[in-house]
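A look at the structure
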Amino acid sequence: MSVTTRTRLALRDRAAAVLRANDAGTWTKASPHLYPHQWSWDSAFNAIGWAHLDAGRALTELEGLFAAQWATGMVPHIVFRAGPDEPYFPGPDWWDCEISPAAPAGPLRTTGICQPPVHALALQRIWQLTPPSRRPEIRARIRVLYPRLVGWHRYLATQRDPEQSGLVTVYHPWEGTDNSPRWDQALARIKAPDPGPYTRVDNRQLTDLSQRPTDWDYDRYLYLVRLLRECRYDDAEIHRGYPFQIKDVFFSAVLVAANAALLDLAEVAGADDGHRRDLARWRDRGRAGLARRFDAASSLCSDYDVRTREPIRLRTFAAFAPLFARTADPGQRAAQLRRLDDEDFCGHPRLRWHLLPSTSPAEPAFEPRNYWRGPVWPVIDWLLWRALGQSGDSGRAARIRRDSLDQIAAAGEFAEYFEPFTGQPLGSPQQSWTAAVTLDWLAADPAD
Ligand code: 9WN
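Below you will find a few notes about this structure. (Residues numbered from 1 in each chain as written. Predicted model: local features only at pLDDT ≥ 70, side-chain atom pairs only at ≥ 80, totals over all residues. Heavy atoms only, no water.)

**Side note on helix α13 (residues 273-292)**
Two residues of an α-helix separated by three or four positions point the same way, owing to the 3.6 residues in each turn. Given a rise of 1.5 Å per residue, 20 residues ought to cover 28 Å, and the 29 Å separating the end C-alpha atoms of α13 matches this to within 8%. Restricting attention to buried positions, one finds in α13 the residues H275, D278, L279, W282, R285, G286, G289 and L290. Seen along its axis, α13 keeps its buried residues to an arc of 135 degrees; they face one direction. When the buried face of α13 is taken as reference, the exposed residues oriented beyond 90 degrees from it are D273, R277 and R292. Of the surrounding elements, those touching the buried residues of α13 are α6 (135-158), α11 (249-264), β6 (294-295), β7 (300-301) and α14 (321-324). (Helix = DSSP H or I, 4+ residues; strand = E, 2+ residues; numbered from the N terminus. Expected span 1.5 Å × (residues − 1). Buried < 20%, exposed > 50% of the residue type's maximum accessible area, 1.4 Å probe, protein only. Arc of directions from axis to C-beta. Contact = heavy atoms within 4.5 Å.)

Right, dumping it as structure tokens:
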């Protein structure tokens, strides 16, 4: 056995051990201390990890999450499941989602916003990895869950896109990439951001505050929750006057990929014609919406601020939304791939590994240790790896996989994110979703 193979087997065991250590039975803590509840897109990635260990447990993860689905179809960004001895702020009382008639019935308590819909990608992966002996059971459970996922996508394609632009409107930085510079201008515009008194607990778990959002950010995050609460989390009301509404091209690209994944599962799930038609329409509309946000001069895709009607032009991972969505336009694809390889992104000479950083080192807002403002996030590179591989770009996909595994192995930790120039592990040290995508990468080519 080569050393490489031995190292990889050890990595697999350690990744599996992280998932098992964070396993609460029917759901997985996003991380042991910093994030002790069930997060939405974390759960989807975690299900992909579980699929390598136990297809039934993987499906349980998604079933538990969808038990908290709102009547609107929204899957909430957090289901609060940990007990009072595991503090997280803001908790369910701050959100007070019970003021919405669409929130799930007690005792389940959730937040009132959502995160990128990776769940269909997880369902597809679970099915691909289900051993033949378990297929009847797993297929029956997929058939029950599938319409719920269609309902979730319908919510995003309608309530979050009343303009039918193909692009999802996000309401809050916590809908995925918290302190990304993509939100800076919209947050700076918010007046009188007094959320009332509060105490952060994230800085008790992680003492190096340079890796986390600032108090300035938190004041605005919490103030926005107050405004959402005042709208009773009603989408129509939010669209009328709420100040933070952004067409998020990355979120929209994940929805395109998720619609394609559900279509791929249509036979397995016994999907009816209506569902198939809707999914194909949302997928195509999403790709067209992203194509319109593509700027030929920079070869990048930009978010759009609905309130100011202005594009948000920044060099971040999100600018590659057409690649994440597997654009059907060969010209845009070729231009994006050239950009991906250039010095602003994966070809930057100081990068430890050729992995897409959350924010380009060439961007003035870049901070190499600060959360979504520069570090490499393995889950983002997993999504890019998957999209490139499915588009037939096996060379680039193989490089992302190899560098990602090397990054994690060299750090010796399943970190939440990594410093792009040194590869230093940052954030939470035993992040479930990093372990989960590691399991998937390792299985992609076990002989390597
Ligand atoms: C707020 C759990 C979550 C991820 C997010 C990531 C971070 C939370 C926080 O952790 O956000 O939702 O407290 O910072 O930004 O993407 O889902 O891992």
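**Section: the site of the ligand**
Around the ligand, 16 residues are found, and the nearest of them are D42, Y88, G176, D178 and Y371. Measuring from an oxygen atom of the ligand, one finds a side-chain N or O atom of D178 at 2.6 Å. Within the contact set of the ligand, an oxygen atom lies 3.0 Å away from a side-chain nitrogen or oxygen of W372. Considered on its own, the ligand offers 410 Å² of accessible surface; in the complex 100% of this is hidden by protein. (Near = heavy atom within 4 Å. Polar contact = N/O pair within 3.5 Å; in protein donor to acceptor, adjacent residues only side chain to side chain. Areas by Shrake-Rupley, 256 points an atom, 1.4 Å probe, with all protein chains shown as cover.)

**Details of the pattern of salt bridges**
In the structure shown here, the tally under the stated rule is 38 salt bridges. Put simply, D278 and R154 hold a salt bridge, and the shortest N to O gap is 2.9 Å. Taken together, the residues D278 in helix α13 and R154 in helix α6 connect sequence positions 124 residues apart. Judged by its relative accessible area of 12%, D278 falls in the buried class. (Salt bridge = Lys/Arg side-chain N within 4 Å of Asp/Glu carboxyl O.)

**Things to note about the environment of L108**
With respect to the helices, strands and loops of the structure, L108 is situated in the loop between α4 (92-95) and β3 (109-110). In this structure, the C-alpha to C-alpha distance between L108 and R81, residues 27 residues apart in sequence, is 8.0 Å. Apart from residues lying up to four places away in sequence, L108 is in contact with A67, A68, V79 and R81.

**Regarding empty space enclosed by the protein**
Tallied over the entire structure, the rule returns seven cavities of 30 Å³ or more. Considering only enclosed or pocket space, the largest cavity measures out at about 180 Å³ in volume. What lines the largest cavity is a set of 19 residues, among which Y35, W39, Q115, D178 and Y371 lie closest to the centre. Split into classes, the residues belonging to the lining of the largest cavity amount to 11 nonpolar, four polar and four charged. (1 Å grid on protein atoms, 1.4 Å probe; cavity = no way out; pocket = protein on both sides within 12 Å on 5 of 7 lines; lining within 4 Å. Points joined across faces, edges and corners; volume = space filled by probe spheres on them. Nonpolar A, V, L, I, M, F, W, Y, C, P; charged D, E, K, R; others polar.)

**Some thoughts on the sheet that holds β3**
Strands sit in the order β1-β2-β3 across an open sheet of three strands; the sheet is antiparallel. Of all strands in the sheet, those with a lone pairing partner are β1 (38-39) and β3, marking the two edges. Bridge count between strand β2 (residues 78-80) and β3: two bridges; the pairing is antiparallel. Its bridge partner lying in β3, F80 is registered against R109. (Pairing = 2+ DSSP bridges.)

**Some points on the nonpolar core**
Counting residues in each nonpolar core, the largest one holds 142 residues, and the members touching the most others are F45, Y146 and F324. Not counting the four nearest positions on each side in its chain, F45 is found in contact with V118, V379, W382, L383, W433, A436 and V437. (Core = buried A, V, L, I, M, F, W, Y, C linked by side-chain atoms within 4.5 Å.)

**Structural notes on the packing of α6 against α13**
In the contact formed by α6 and α13, the axes pass within 11 Å of each other and the chain directions differ by 40 degrees. Judged by the angle between their axes, α6 and α13 are oblique. Note on packing geometry: the crossing formed by α6 with α13 is left-handed. The segment α6 lies against α13, with Y146, P147, V150, H153, R154 and A157 engaging H275, D278, L279, W282 and R285. Grouping the constituent residues of the contact of α6 with α13 by class yields six nonpolar, two polar and three charged. (Axes fitted to C-alpha atoms, helices over the stretch in contact; angles between N-to-C directions. Parallel < 35°, antiparallel > 145°, perpendicular 65-115°, else oblique. Left-handed = near helix turned anticlockwise from the far one by under 90°.)

**Examining the packing of aromatic side chains**
In total, this model carries 33 aromatic pairs according to the counting rule given. With 5.2 Å between their ring centres and 80 degrees between their planes, F89 and W94 make a pair best called edge-to-face. Ring geometry for Y371 against Y417: centres 5.4 Å apart, planes inclined by 75 degrees, an arrangement best described as edge-to-face. Separated by 46 residues along the polypeptide, Y371 in the loop between α15 (330-341) and α16 (378-390) and Y417 in strand β10 (residues 417-418) bring together distant segments of the chain. Each member of the pair, Y371 as well as Y417, is classed as buried. Sitting over the ring of W50, R57 keeps its end group 4.5 Å from the ring centre. Between R350 and the ring centre of F421, over which it is positioned, the NZ or CZ distance is 3.9 Å. (Phe/Tyr/Trp six-rings, centres within 6.5 Å; stacked < 30°, edge-to-face > 60°. Lys NZ or Arg CZ within 6 Å of the ring centre and 35° of its normal.)

**Some thoughts on the sheet that holds strand β5 (residues 246-248)**
Sheets are built from strands that pair by backbone hydrogen bonding, the pairs being arranged parallel or antiparallel. Strands sit in the order β4-β5-β8-β9 across an open sheet of four strands; the sheet is antiparallel. Looking at the sheet topology across the chains shown, the edges are occupied by β4 (168-170) and β9 (310-312). Between one strand and the next, the sheet's axes are offset by a mean angle of 35 degrees, whatever the strand orientation. Relative to β9, strand β8 (residues 303-305) runs antiparallel, the two sharing three bridges. Looking across to β9, one finds that D305 is bridged to E310. The strands touched by α11 within the sheet are β4, β5 and β8, with β5 carrying the most contacts at an inclination of about 45 degrees.

**Here's the deal with helix α17 (residues 394-411)**
Over its 18 residues, α17 extends 26 Å from the first C-alpha to the last, a length consistent with the 26 Å expected when each residue adds 1.5 Å. Just downstream of α17 lies G412, where phi reads positive at about 75 degrees.

**Focus on the layout of surface pockets**
Each pocket or cavity is described by its volume, and for the largest pocket that value is around 210 Å³. Forming the boundary of the largest pocket are 13 residues, of which R182, Q185, P311, I312 and R313 lie nearest the centre. Going through the elements one at a time, α7 (184-188) and β9 are the ones with two or more residues in the lining of the largest pocket. Here the lining of the largest pocket is composed, by residue class, of five nonpolar, two polar and six charged.

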